[in-house]
Amino acid sequence: MTAKARKGESGKFATKPAKFQGGKVGKDKHGGGGSGRFQERKKQGKTTRGKAGQSNYRNGGQSGKWKDGQTRKWRNVKASYSEWKVTEKDGEMTTRKEHTEKFPGRKVVDPKLLEKYGRGAGVNVQKIRKWNKPMIHRIKMKEQKMKEAEEEAARVELLLTESSGQLEATEGTYTAHITQSDIKKAVDITTAAKGFNLKLEYGPYLMDYTRNGRHLLIGGRKGHLASFDWITKKLHFETNVMESIHDLCFLHTERMMAVAQKQWVYVYDNQGVELHCLKMMHRTLQLEFLPYHFLLCAGNEAGILSWLDISLGKEVIRTRTGKGRLGVMCQNPYNAVLCCGHPNGTVTMWTPNSRMPVASILCHTQPLRKVTVDPSGRYMATAGVDRQLKIWDVRNLGECLKSYYINAGASHLSFSQKGLLAMSMGNVVEVFRNVVDGGCKKPYMQHKGGNTIHGMQFCPYEDVLGISTYNGFSSLIIPGAGEPNYDALEANPYISTSGRREAEVKSLLSKVPSDLITLDPMSICQVDTPTLQERIEAKKTLLHVRAPKIDPRPRYRMKGKSGSATMFKRKQKIREDAQRGYLKTALWQQAEAGLGKEYFKDKPDQEQKEQPTVLDRFKPKAAKKK
Amino acid sequence: MRKKKTKIGPHAAEENDIFISKPKEEDSESTNERVQEGDEKVHARLFSDMSKISKKKMSAGNKKPHARLLSDVSKVSKNLRAAEEDDIFISRPKGEDGETSDEGGDEGDEKAHIRLLNDMSKISKKKNQAAKREVRTTIGTITEEIKAEDLMNRIGSSLLSQTNKKVKTTQKPLEKHIVQRAKRAAGYEDVAMEVSKWAKVVELRREADTLSFPLKKKNTEFSTVDKVEPPKLTTDLEHEVYSLLEGAKLVKNQETEREKAIRHAMSLEEVKERMRTLWREKEMKHRYEEKARRQNQSKSKKHHRILRREKLRKQKTELQELHKKNPDAALEKLQEMELLRIQERMSQRHRSSKWAKFQGLRATRDKEAMAALQENAKMHRELKMKINKEEASDSEDNSGSEQQKEEAIAAGTYDPMNPWTASLAKRPQASQDMLSMEEGDASFTKFKKFWDEVNRRKIEEKKAQAIVEAREQKEKDEQKEEEAECEKSEVDKDETDKNAKNGEDTDHLKSIDYMFSKAEVSLKKKMKKELKKLGIESTEGKEWTKVKKKKGAKIKNKKAAVVEEFDFSCKSTENKTDEKLERVRTLEEVEELGQREEATDSIEQAFQTLKKGEASGKTKGVKKSNESSGDKTEETKKKVEVDPTKFIQVKAERLHTAMPDTMTTDNDALDDSEEDENAEDVIREAFADDYLIDEFKSAKEAAIEESEPKEVSLVLPGWGEWTGPNLKVSARKRKKFRIQPGKKIRKFESVGNVIYNESADVHQNLRKAMVSQLPYQFTSVKDFEASVRAPVGRTFVPEAVHKKLTAPAVTTKKGTIIEPMTENELLALRKEISVRK
């Protein structure tokens, strides 16, 4: 693709100052108008044929030498694939069998790619007890399998055929100068249809996309609520809730949505029918939904955070943050921790397991306006009143990676799946590339609307940025924003009804308990070292219980009771009694300290005891007793 | 022949002793008895004869006949060897007796004596056994060859048969438990044999990833494409298609037997060549093996020592080369060698150690202990011994060193005070120092490096000096002359010093400190000279700084460079965000985090000590700079930086953003954002930066304090002292009864702008779900965590791998009987193993 742009041989867009290469805007499966893009693909196939791509495929793949050109090859897998077909037609290509004979074994995987899927260092077998040979063998085998898994995962990358597009400016121009109308003119119809404006009346609007990026929910402050498939523009419902709307969000599917209204939070279905009124969440300002935990989180005017398990309808926890109005809130998609921004310049992180914040970071020296975390959960962007934009390393708390001055305080921030950062200031939206690395000074794209922006979000799996303003909604085309390859098991934009049903059940079955929310989600595969140490200490104490030495010299007794044998027995008895007494007290003390017998027993699961079921009679007797 | 005799001699003698010693006393009695029992006539005559002799001999001297008798008998015994038959045995002594009597010269006694002997022989004929024994009793040592069999034959049946009979009696049965034990042992062996043949099978089964029962598999062999016969082509179309396929090389033409044979065939020469190479390989292998065996067998200490030394020398040269190419690698290697040396040193036992003491106690009873002690002593002696440099290789070294010396002189770096060049000078005359070669090999290179550095500096100094001199030459011509004289005298002094010291050095080891002190002295002298040149008279403390000032910045810079070179601390530039953050697990690791900046290599430590020595002598300025840097790191380590501002303030860049238009259209609406902005302005004015930071600081302190375990005081007032409303408990008592909690490790404690609440993050609910006991075979948390680090679910890994990872250990086929293994399994095993290989 890039090669083509450099050569400037695009017949179609030659007159334009810059070309839009719609790698991802349209989709083959969707609509019939993707012909322009298709043609482009074809061209790519031709241009790359007989050049670097070809040589890569034939020789580089097996030679074990990895050049710089290789990386490009991985990006343009599709291109080289098509070339392969073409050459086959030409009859140059040798048969598959010979191919394998020439380079026996499977194709070598790109080490960089392997690194990407790497799982870190394995077990140090040397350290494990030597004499248990089969165990060691087993561990070694497992390590081998892990290696295999990494390699296989890297191989599967081949199936990610789509690549994201981008804007490239010709010399002397900037990509930021390309307007939406330019783009719309350049791209195919389907893609052009993705950029649209809605003029609405009911006051500043808020918006939310579903996780698969297919549906859109908009709500006006004056009570206007509408949900629709924004690609086909099919309206699901439209209603006026007759109350002010402060925030809204989709729940696990597009068929349920939560809306924070003046007093309480309401749940509506796809038809606009009110399903629930959540009175435990009152005067809510911010709503967040944690999809894997089925938790609806709300922050309210009084600074109270509450988590509600929507699969059970139970409130998990409600805590008072004590930091005032919770107007700035976002979730970290990586670990499901809530990040709240406060007027004292701090960002606090909350989990539903504690009434105290897990962490609080002083980010700005002035009140915060917006916080957002990127989809990978690595970076956090904060914008403050001090007209600064800061990028933080979330996992390494408190490490500021970049700090930028901007002309006005940003009111909204949004990370796209591909790492673009959109920032709204008043009526201006700007999209930046490489904010994290600091390679950018100028915006990648810029858009100036007629009104103040009140809501902004990148649409997942699409090159689209949705902004909701005071008087409507507009969808902007931002090439290269969305992830081009979707994981259908995770979020499928083209999901069918039955598929959605199945996914719903599956996701409910694999619901992650809220107990597991923590800063490091991998801590579940870690050892609870404090408890381990406690146990070891306890064991030590148990092992080292030893009765004190006593002098068992009994009283002399008459009448043959002090014969040597009797005396010995008596001594023994005294000794044993003393020891027994001591041990008793020691054990009692241990039990008091909570380190008794029960401590080392595996605690029986409470769930097992629960309610006898009808099927119990089929169980074997032993199991029944339990 | 002689040898043989001597070999046999003692053996035979022993045998005889054994045989003889017993009957010795008995027999003398028994003979007497038998004599009484036997022919009385003869006996009587014998007695009379004897009395006659004794009577006659009384006059000559009592002892003489007795002695003669004895000598006679001994002669008889000497000829025993020849006496193979009974008759001869008897007869021989007769004649010889005659001779001896002749020699004796007592002719009068001859007849009586002969008769006596005859009589005796008669007795002996009848009871030769007794006679023989009697004869033997007097024998001291028998050097002649005697066969035990003959003796046994001569002894006859009576005694031997008796003893034999005794042996033949049935043995006393062994004790029950011993019998049982023996039985058990035998049984164990059998069973062990029986069981051990299953060992491999069991091992394979245990190691198997998955086992699917029943284990027996049907032999299903798939016929591969090669084995399939080519299809019979009947129609034209088939022919055509087939030819096309062949053309595209999709079908492999089958090779006939003949073609195969041709392919494999070799010419005679090829065969010969092949045979030759094979033979050669075999021969070479054999030779190497032989050599290795011989080398292994060699017990010569000297040989091994030579080998070791050669190895060391090789290492040294390698190291030097490596140092030229890659100093870092050389350092590493040096470290390794040092470690080896340390290990060797550790393995040596002290002569007066605890071990030696115990061995000494044991040595009276235990031979092994004695041997060990001796070995230790020997080693001690060897190690203490000065090494002769007779070996050719050593002399080579010397020549090399001489060369080096010459080179050094040529380069102008030769310094007799320098231990390395000095040692070069000394080597030909004095015996080699132990330190320099054997043990101090590692230190050798280190010191050498250091001294090279010093030399380099000297050259630089000289250069600088030369420049200064050039400037002031004209002015200070006169002074120079004086100084030259001074120098001369001082050099003379040096030499005399050196000579004196050389004498000492040959006697004892030259300590490093001593070297340094020497170097220091020399350096000081030089300094003085230089100062004189510059016309500065000052005390020792000031001299260096002043010189530095005079010489200017150039030298200073160079010194800094030197310091950098010697600073081994490796500060790696870390990426801002590590992709995989490692978990801090132990207190040590947390400490490490702090210390990471200061790389504490053993070598660096060694160099620190070196630097100290150096600093005392020459480069005080360098030391100062070094110290200051060290201090800085220490300070940072001690005082944990908790200033939030430091962390907040990252150098901000300016983004080129557009200015938003001021909104006018939505005046009528209740626009929150505008209200917000107004509010924000107010807030901005209200909140000063410092105020927020201070607030955060205090919040952090409070959080830390809260989470810190409190100390407990168990003081009871009134015990051991007065108490009351205005009386305080004594400080001593309070101190005594105070229980201080241990220091808690806290994450992100040193990060100023973060308050981290670990109890909230890793909360109790989560900890319940975490693993709190290491599974059986693991001994370290790290390893266990590594073993569960990767996901196995089908959403994380490809399906095929997921299936592999989650395959059950055992699968059983329904409806089949799982039979126990039979011995056939062993046969199958062989196949399996061969397949594996």
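Computed from a predicted structure; not experimentally measured. (Residues numbered from 1 in each chain as written. Chains lettered and ligands numbered in written order. Predicted model: local features only at pLDDT ≥ 70, side-chain atom pairs only at ≥ 80, totals over all residues. Heavy atoms only, no water.)

Undergrad: Just checking my understanding: could you explain the overall build of chain A for this structure?
TA: Scanning chain A from N- to C-terminus turns up 16 helices and 30 strands. When the 626 residues of chain A are sorted by exposure, 50% land in the buried category. Once local pairs closer than 6 in sequence are excluded, the contacts in chain A between residues at least 24 apart make up 50%. On chain A, roughly 31,900 Å² of surface is accessible, and the fraction owed to carbon and sulfur atoms is 53%. (Helix = DSSP H or I, 4+ residues; strand = E, 2+ residues; numbered from the N terminus. Buried < 20%, exposed > 50% of the residue type's maximum accessible area, 1.4 Å probe, protein only. Contact = heavy atoms within 4.5 Å. Areas by Shrake-Rupley, 256 points an atom, 1.4 Å probe, with all protein chains shown as cover.)

Undergrad: Help me understand the pairing of strand β5 (residues 215-220) of chain A in this model?
TA: All names here are of chain A. For β5, the buried fraction is high: 6 of the 6 residues fall into the buried class. What you see with β5 is no split at all: His215, Leu217 and Gly219 on one side and Leu216, Ile218 and Gly220 on the other are buried throughout. Bridge analysis of strand β4 (residues 205-209) against β5 gives 5 bridges, and the strand direction is antiparallel. Bridge pairing in β5 places Tyr205 opposite Gly220. Following β4, the chain reverses through 5 residues before pairing antiparallel with β5; Gly213 in that reversal takes a positive phi of roughly 75°. Bridge analysis of β5 against strand β6 (residues 224-229) gives 5 bridges, and the strand direction is antiparallel. Within β6, the residue paired with Leu217 across the bridge is Ser227. (Pairing = 2+ DSSP bridges.)

Undergrad: Please clarify how the pattern of salt bridges should be interpreted in this entry.
TA: Side chains that differ in charge, positive against negative, can pair when their charged atoms come close. A complete count under the given rule lists 33 salt bridges over all chains for this structure. Here Glu152 of chain A and Arg106 of chain A are joined by a salt bridge, their closest N and O atoms 2.7 Å apart. On the criterion of sequence distance, the pair formed by Glu152 of chain A in helix α8 (residues 133-156) and Arg106 of chain A in the loop between α6 (96-102) and α7 (111-117) is long-range, its members being 46 residues apart. Overall, the relative accessible area of 16% leaves Glu152 of chain A in the buried class. Measuring nitrogen to oxygen at the nearest pair gives 3.3 Å for the salt bridge that ties Arg789 of chain B to Glu143 of chain A. With one member in each of two chains, Arg789 of chain B in the loop between α36 (781-787) and α37 (799-805) and Glu143 of chain A in helix α8 form a pair that bridges those chains. Glu143 of chain A matches Arg789 of chain B in its accessibility class, with the two residues each being buried. Here the salt bridges share partners, and the residues they tie into one network are Lys133 of chain A together with Lys200 and Glu203 of chain B. (Salt bridge = Lys/Arg side-chain N within 4 Å of Asp/Glu carboxyl O.)

Undergrad: What exactly am I supposed to notice about the packing of helix α17 (residues 354-363) of chain B against helix α18 (residues 367-384) of chain B here?
TA: Working note: a packed helix pair is described by the angle between its axes plus the distance between those axes. Residue and element names in this part refer to chain B. Where α17 meets α18, the closest approach of the two axes is 8 Å, and the angle between their N-to-C directions is 135°. One finds that α17 runs oblique with respect to α18. By crossing handedness, the relation of α17 to α18 is classed as left-handed. Residues Trp355, Ala356, Gln359, Gly360, Arg362 and Ala363 of α17 pack against Ala369, Met370, Ala372, Leu373 and Asn376 of α18. Along the lines of polarity and charge, the residues of the contact of α17 with α18 split into 7 nonpolar, 3 polar and 1 charged. (Axes fitted to C-alpha atoms, helices over the stretch in contact; angles between N-to-C directions. Parallel < 35°, antiparallel > 145°, perpendicular 65-115°, else oblique. Left-handed = near helix turned anticlockwise from the far one by under 90°. Nonpolar A, V, L, I, M, F, W, Y, C, P; charged D, E, K, R; others polar.)

Undergrad: Sorry if this is basic, but what is going on with the confidence of the model for chain B here?
TA: Do not read the fine detail of predicted coordinates wherever pLDDT is low. Residues and elements named next belong to chain B. Averaged over all residues, the pLDDT of chain B is 66; the fraction at 70 or higher stands at 47%. Segment residues 80-105: pLDDT under 50, and 32 contacts once partners within four positions in sequence are set aside and those in other chains are kept. Overall, residues 609-641 carries pLDDT values under 50, and its contacts beyond four positions in sequence, including any with other chains, amount to 39 contacts. Here the predicted complex scores 0.54 on pTM and 0.73 on ipTM. (pLDDT = per-residue confidence, 0-100.)

Undergrad: How do you make sense of the interface of chain A and chain B when you look at a structure like this?
TA: A common way to express how large an interface is: the accessible area buried when the components associate. Chain A puts 108 residues into the contact, and the matching count from chain B is 86 residues. Buried area between chain A and chain B, both sides added, is near 9,400 Å², and the carbon and sulfur share of it is 54%. For the pair chain A and chain B, the number of links is 6 salt bridges. Between Glu148 of chain A and Lys804 of chain B there is a salt bridge; the shortest N-O distance is 2.5 Å. Linking chain A with chain B are 33 residue pairs in polar contact (both at pLDDT 80 or more). Ranked by residue count, the leading element in the side of chain A that touches chain B is α8 of chain A, at 17 residues. Examined bridge by bridge, strand β23 (residues 399-405) of chain A and strand β2 (residues 653-654) of chain B share 2 bridges and lie parallel to one another. Paired with Tyr405 of chain A across the strands is Arg654 of chain B, a residue of β2 of chain B. (Buried area = accessible area lost by both parts, 1.4 Å probe. Polar contact = N/O pair within 3.5 Å; in protein donor to acceptor, adjacent residues only side chain to side chain.)

Undergrad: When you look at the packing of aromatic side chains in this model, what are you seeing that I'm missing?
TA: Each pair of aromatic rings is reported with the distance of its centres and the angle of its planes. All names here are of chain A. Within this structure, the stated rule accounts for 9 aromatic pairs over all chains. Note on Tyr461 and Tyr486: the rings are 6.5 Å apart at their centroids and 80° apart in plane angle, and the pair reads as edge-to-face. Within this pair, whereas Tyr461 is found in the loop between β28 (453-459) and β29 (464-469), its partner Tyr486 is found in the loop between β30 (472-477) and α11 (497-509), the two being separated by 25 residues in sequence. Of the residues examined, Tyr461 reaches a relative accessible area of 10% and is grouped as buried. Accessibility expressed as a relative area gives 21% for Tyr486, which makes it partly exposed. Taken together, Phe196, Tyr209, Trp230 and Phe473 form an aromatic cluster joined through their ring pairs. Seen from the ring of Tyr292, Arg211 lies directly overhead, with NZ or CZ sitting 5.2 Å from the centre. When the ring centre of Trp264 is taken as reference, the NZ or CZ atom of Lys279 above it lies at 4.5 Å. (Phe/Tyr/Trp six-rings, centres within 6.5 Å; stacked < 30°, edge-to-face > 60°. Lys NZ or Arg CZ within 6 Å of the ring centre and 35° of its normal.)

Undergrad: Sorry, what's going on with the side chain of Thr518 of chain A here?
TA: In this fold, Thr518 of chain A is placed in the loop between α11 and α12 (529-543). Among the residues examined, Thr518 of chain A registers a relative accessible area of 1% and is labelled buried. Looking at Thr518 of chain A, its side chain comes within polar contact range of the side chain of Asp761 of chain B, at 2.4 Å. Residue contacts for Thr518 of chain A: discarding those within four places in its chain leaves Asn335, Val337, Thr351 and Ser523 of chain A together with Asp761 and Leu766 of chain B.

Undergrad: Hey, could you run me through the sheet that holds strand β8 (residues 245-250) of chain A in this one?
TA: The strands making up a sheet associate through hydrogen bonds between their backbones, and the pairing can be parallel or antiparallel. All names here are of chain A. Spatially, the 4 strands line up as an open sheet ordered β8-β9-β10-β11, and their pairing is antiparallel. Whereas interior strands pair on both sides, the edge strands pair on one side only; in this sheet they are β8 and β11 (274-282). Going from strand to strand, the sheet's axes swing by 20° on average, the running direction of each strand aside. The pairing of strand β9 (residues 256-261) with strand β10 (residues 264-269) spans 5 bridges and is classified as antiparallel. Looking at the pairing, Met257 lines up with Tyr268 of β10.

Undergrad: What should I look at first to understand the pairing of β10 of chain A in this one?
TA: Remember that side chains alternate between the two faces of the sheet whenever the strand is regular. Residue and element names in this part refer to chain A. Burial within β10 is extensive, with 5 of its 6 residues counted as buried. As paired strands, β10 and β11 are joined by 5 bridges and run antiparallel to one another. Within the sheet, the bridge partner assigned to Trp264 lies in β11 and is His282.

Undergrad: It is not clear to me how the sheet that holds β28 of chain A should be interpreted in this structure. Could you clarify?
TA: All names here are of chain A. The strand order across the open sheet formed by 4 strands is β3-β30-β29-β28, and the pairing between neighbours is antiparallel. Pairing within the sheet leaves two strands with one partner each, and these edge strands are β3 (196-199) and β28. On average, adjacent strands in this sheet sit at an angle of 15° to one another, irrespective of strand direction. For β28 and β29, the ladder comprises 6 bridges, and the chain directions are antiparallel. If you follow Phe458 over to β29, its bridge partner there is Leu465.

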